Amino acid sequence: MFKKVLYSLILISCINICSGNVKDSLRLKLDFAIQHKADYAALKDKRTSKIRKALKEKNSLETEYLLNQKLYTEYRKYKIDSALYFVTKNVKLSDLLKQSSFRTDAVLQLANLYSASGRFLESEKLLKSIDTQTLSSNQKKTYLEFYIEFFEHYASNNPSKYYNEQIGIYRDSLLAVLDPQSSEYKVNLALCSIDNKDYAAAKKNLEDLFYNQELKKSQYAMCAYLLGNISMRSKKYEQGINYFTLAAITDIETATKDQGAIQNLAIYNYYNDKIDLAYKYAKSALEDAVFCNVKFRTLMMSEFYSIINAAYQKKAEKNKKQLQIYIVSVSVLSCFLIVLIFYVYRQMRRLSRIKKELSESAQELQELNSEFQAANDQLKVFNEQLNESNNIKEEYIAQFFDICSSYINKMEDYRIKLYKKAVSRQFVDLTNVLKSNDIIDQELYDLYRKFDAVFIKLYPEFTTDFNALLAEGEKITLKEGEILTTELRIFALERLGIKDSEKIASFLRISMSTIYNYRTKIRNKTTYSKEEFTKKLEKTGSRFHSL
C-alpha cells in the first residue's frame, strides 16, 4: 500500500513539472501489467482453488454457504458465470438452512450478477421481490448499491433521463444510511457532486480517500477512475490519463476484469490519433469484458473495437507498403554492392598482374651494371607505392564486408521490430513471413559465400599455405562445395587486416569466446610461436611470398 500511495504522491506533486516523464513511466507500467495479465489471473485462480478445495471437504451447510459466498466475492468482478454458480447454490442452501437473512443476501447478490450479465428482467424481478422492511442496515446498504448498479448497467446501453434520475434518488437514499466517515459515503457523495457538476467538491472528497493508506485496492482503483473522469471533464487531459492509467494498473494487478479505466484510455488514444495504444488497450478491455461476461461493457467495447481495429489495419497496410519500398531499395543497393565487388575484384587482379610484372623487371634490373642503378632505385620506389596501394585496397575490402554485416544486423532488428508490432494483428500470412528467420539466414549464407569466393580469388593459395602452418595430422579438410570453414574465415579476416575480435564476432555471428577457442585450437596445432604464426599468416595465400 505504501508503494501505491508513493506513486500517487509522485503523480500529483510532479504533474505540472514533469508530466511527460510521469506519463511515460505509468504507461510502461501499464504495458507491463497487460503483458502479465495471465500471471495476475493465475494468482486469483490459486486463491479460488484453495476455497474450492475446502468445499470438497465435509462441511456443515452453513460453512458451505460461507465458502460459496467467499467464491462469489472472488468471482464477482472476475468471472460472472462462476459467481452466478456459487450464488445460485447459496439460494438453495439458504432454503435448507431456513435463515431469511442468508436468503436475502444470496438473492441480492444474484440480482446484481444478473444485472451485470445483461439479464435485466430477472434482476429487476428479484430486487422488487425483496421486502425492504425486513432488511438489516448492511442489507439495506447493499440493496440500494445494487439498485444503483442495476440502473447504471441498464442506462449504459439504454440512455434515459428517467434512469439517471433513479440513480440520483437511490444514491441519496444510500447516503442516508451510510456512515458519513466511511469511504463508501465519501465515494457516493463525490458521485453526487459529479452528477451536479460540482467537480471541486468531488475532487476534494476523492483526494482525501486517495492518499489513505488503509484504502483497499478496489477502492483505490475506483478513486483513481473517478478522479480521471473529473480531470477529463475539467479539460485536464494529461492528469486524467495518469489517473486512468493508475486505475487500469490496479485493476489488472487485482485481476479485476469488470473495469472501465482501460476502455477510457483506448477511446482517448484513438481520438488523439495514437492508434497503436488505442488498439492495445481496446483489445485488452474487450478480452477482459468477454472473459468476465460483463454484457454492457462487452457491447460497448465491441462497437468501438471494430472502429479502432479498422484504423489499426489501415495503418498496418501503410506500414506494409513502406516495407515493400524498403525491400526494393535494399535490393537496388545489393545490386550496386555486387557491381562494386566485381569492380574492386578486377582492379585487384589488375594490380596483382602489374605487381608480378614489376617484380620480374626488378629482378632483371638487379643484374644490370651500376650505370642503371638510379633507374632501378626509382622502380623500387614505384613498386613500394604499388604495394601500399594494394594494402589500401585490401583494407577497403575489409571495410566493405563490415558494412555488409552492419546492414544485415539492421535488417534483422527491423524484422524483429515489425514482428512485435504485427504479432497482435489478424494478418496471419504477414506475421508468418516476418516471424521467419529465412531471409536473414539466406542473406548471411550469401554474404559468407561471396566473402569466401572473393577472398580465395585474391588469395588462391590461402588454404594450402594455412595448412602448411599446421602439424601433420592437424590439417583442415574442406567438405565438398565448401570454400572456407568458420576457422579459416576467422584467420582470413585477420589476413585482411581485421584484428578486432569484436568486429570478427559481429561479422561471423559468433561469440567472442568462440573466436578465442578457435584461435587457441589452431595455435595448439602448430609448432610456431604466437608471433611467428602471426607473421607467417600475413604471407599466406600470396603468389609472391613463400612461407
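The residue count restarts for each chain, going from 1 along the sequence in the order it is written. In keeping with the model being predicted, local features are shown solely for residues with a pLDDT of at least 70 and side-chain atom pairs are shown and tallied solely at 80 or more, while totals for entire chains, interfaces and linings include all residues. By convention in this description, side-chain values take in all heavy atoms of the structure and omit both hydrogens and water.

With respect to helix H4 (residues 61-75)
Given 3.6 residues per turn, any residue in an α-helix points the same way as the ones three and four places further on.
Then, in step 1: In DSSP terms, a helix is any run of H or I states spanning at least four residues, a strand is any run of E spanning at least two, and both are numbered starting from the N terminus. Here, expected helix span is obtained from the residue count minus one, scaled by 1.5 Å. For H4, which comprises 15 residues, the first-to-last C-alpha distance of 21 Å matches the rise-based estimate of 21 Å (1.5 Å per residue) to within 8%.
Then, in step 2: Residues of H4 that are buried include every one of Tyr65, Leu67, Asn68, Leu71, Tyr72, Glu74 and Tyr75, and no others.
Then, in step 3: Here, two residues are considered to be in contact whenever any of their heavy atoms come within 4.5 Å of each other. Contacts from the buried residues of H4 go to helix H3 (37-55), helix H5 (80-97), helix H6 (100-116) and helix H8 (137-157). Only protein chains enter the calculation, and the probe is 1.4 Å; a residue is then buried if its accessible area is under 20% of its type maximum, exposed if over 50%, and partly exposed in between.

Regarding the nonpolar core
Soluble globular proteins: nonpolar side chains tend toward being buried together.
Then, in step 1: In this description, a nonpolar core means a group of buried Ala, Val, Leu, Ile, Met, Phe, Trp, Tyr and Cys residues linked to one another through side-chain atoms lying within 4.5 Å. In this structure, Ile80, Leu113, Leu127, Tyr143, Tyr147 and Phe151 are the most contacted members of the largest nonpolar core, which totals 49 residues.
Then, in step 2: For this core, the elements supplying multiple residues, two or more each, are H3, H4, H5, H6, helix H7 (120-129), H8, helix H9 (161-177) and helix H10 (183-195).
Then, in step 3: Ranked by residues supplied to this core, first place goes to H6 with 9 residues.
Then, in step 4: The contact partners of Ile80, leaving out residues within four places of it in the chain, are Tyr75, Leu113, Ala116, Ser117, Cys292, Asn293 and Val294.
Then, in step 5: Ile230, Ile262, Leu265 and Tyr268 belong to the second-largest nonpolar core, a separate cluster that totals 42 residues.

A word on the pattern of salt bridges
Then, in step 1: Criterion for a salt bridge: a side-chain nitrogen of Lys or Arg within 4 Å of a carboxyl oxygen of Asp or Glu. In this structure the tally under the stated criterion is 21 salt bridges.
Then, in step 2: Note that Lys280 is salt-bridged to Asp31, the shortest N-O span being 3.1 Å. Placement of Lys280 in helix H15 (residues 275-292) and of Asp31 in helix H2 (residues 19-35) is noted, with a sequence separation of 249 residues between them.
Then, in step 3: Taking the relative accessible area as the measure of exposure, Asp31 reaches 10% and is therefore buried.
Then, in step 4: Among the ionic pairs, Arg47 bridges to Glu74, the shortest N-O distance being 3.5 Å. Here Arg47 is found in helix H3, whereas its partner Glu74 is found in helix H4, with 27 residues between them in sequence.
Then, in step 5: With a relative accessible area of 38%, Arg47 lands in the partly exposed category.
Then, in step 6: Here the salt bridges share partners, and the residues they tie into one network are Lys37, Lys257, Lys283, Glu287 and Asp288.

A word on the packing of aromatic side chains
Then, in step 1: Pairing of aromatic side chains here covers Phe, Tyr and the six-membered ring of Trp, requires ring centres within 6.5 Å, and sorts the geometry by plane angle: under 30 degrees stacked, over 60 edge-to-face, intermediate tilted. Under the definition given, this model contains 31 aromatic pairs.
Then, in step 2: Pairing Phe491 with Phe533 gives two aromatic rings, centres 5.8 Å apart and planes at 80 degrees, and the pair type is edge-to-face. With a gap of 42 residues between them, Phe491 in helix H21 (residues 486-495) and Phe533 in helix H24 (residues 530-537) connect regions that are remote in the sequence.
Then, in step 3: Every member of this aromatic cluster is reached through a ring pair, and the members are Phe120, Tyr143, Tyr147, Phe150, Phe151, Tyr154, Tyr162, Tyr163 and Tyr170.

Topic: the packing of H21 against helix H23 (residues 512-523)
Then, in step 1: Axis geometry follows a simple rule: fit a line to the C-alpha atoms, using only the stretch in contact for helices, then measure angles between N-to-C directions, giving values from 0 to 180 degrees. For the pair H21 and H23, the least separation of the axes is 10 Å and the interaxial angle reads 90 degrees. The orientation of H21 with respect to H23, classified from their angle, is roughly perpendicular. From H21, Thr486, Glu487, Ile490, Phe491 and Glu494 reach across to H23, where they touch Ile515, Tyr518, Arg519, Lys521 and Ile522.
Then, in step 2: For the contact of H21 with H23, the class distribution of residues is 5 nonpolar, 1 polar and 4 charged. Angle categories are assigned with fixed cut-offs, so that under 35 degrees is roughly parallel, over 145 is roughly antiparallel, 65 to 115 is roughly perpendicular, and the rest are oblique. Note on residue categories: nonpolar means Ala, Val, Leu, Ile, Met, Phe, Trp, Tyr, Cys or Pro, charged means Asp, Glu, Lys or Arg, and polar means any other residue, Gly included.

Digging into helix H22 (residues 501-508)
Then, in step 1: Within the sequence span of H22, burial applies to Ser501, Ile504, Ala505, Phe507 and Leu508. For H22, the arc enclosing every buried residue in end-on projection is 165 degrees, short of the 170-degree limit, so these residues lie on one face.
Then, in step 2: One or two steps after H22, the chain reaches Arg509, where phi turns positive at roughly 60 degrees. Of all possible arcs, the one meant is that of the directions from the helix axis to the C-beta atoms.

Observations concerning the confidence of the model for the chain
Then, in step 1: Confidence scores per residue from the predictor, reported as pLDDT, run from 0 to 100. Put simply, the chain has an average pLDDT of 80, and 80% of its residues get 70 or more.
Then, in step 2: Contacts of residues 1-19 to residues separated by more than four positions or lying in other chains number 26 contacts, the stretch itself having pLDDT below 50.

Here's the deal with the side chain of Lys37
Then, in step 1: Looking at where Lys37 falls in the secondary structure, it is placed in helix H3.
Then, in step 2: Taking relative accessible area as the criterion, Lys37 reaches 12% and is therefore assigned buried.
Then, in step 3: Once residues within four sequence positions are removed from consideration, Lys37 is found in contact with Ile252, Lys257, Ser284, Glu287 and Asp288.

Overview of the side chain of Arg489
Then, in step 1: Following the sequence through the fold, Arg489 ends up in helix H21.
Then, in step 2: The exposure class of Arg489 is buried, given its relative accessible area of 10%.
Then, in step 3: A polar contact of 3.2 Å, which involves the side chain of Arg489, links it to the backbone oxygen of Leu484.
Then, in step 4: The residues touching Arg489, leaving out its near neighbours within four places in the chain, are Tyr448, Phe451, Asp452, Leu484 and Leu508. Polar contacts here mean pairs of N or O atoms no more than 3.5 Å apart (in protein, one a potential hydrogen donor and the other a potential acceptor; neighbouring residues in sequence count only if both atoms are side-chain atoms).

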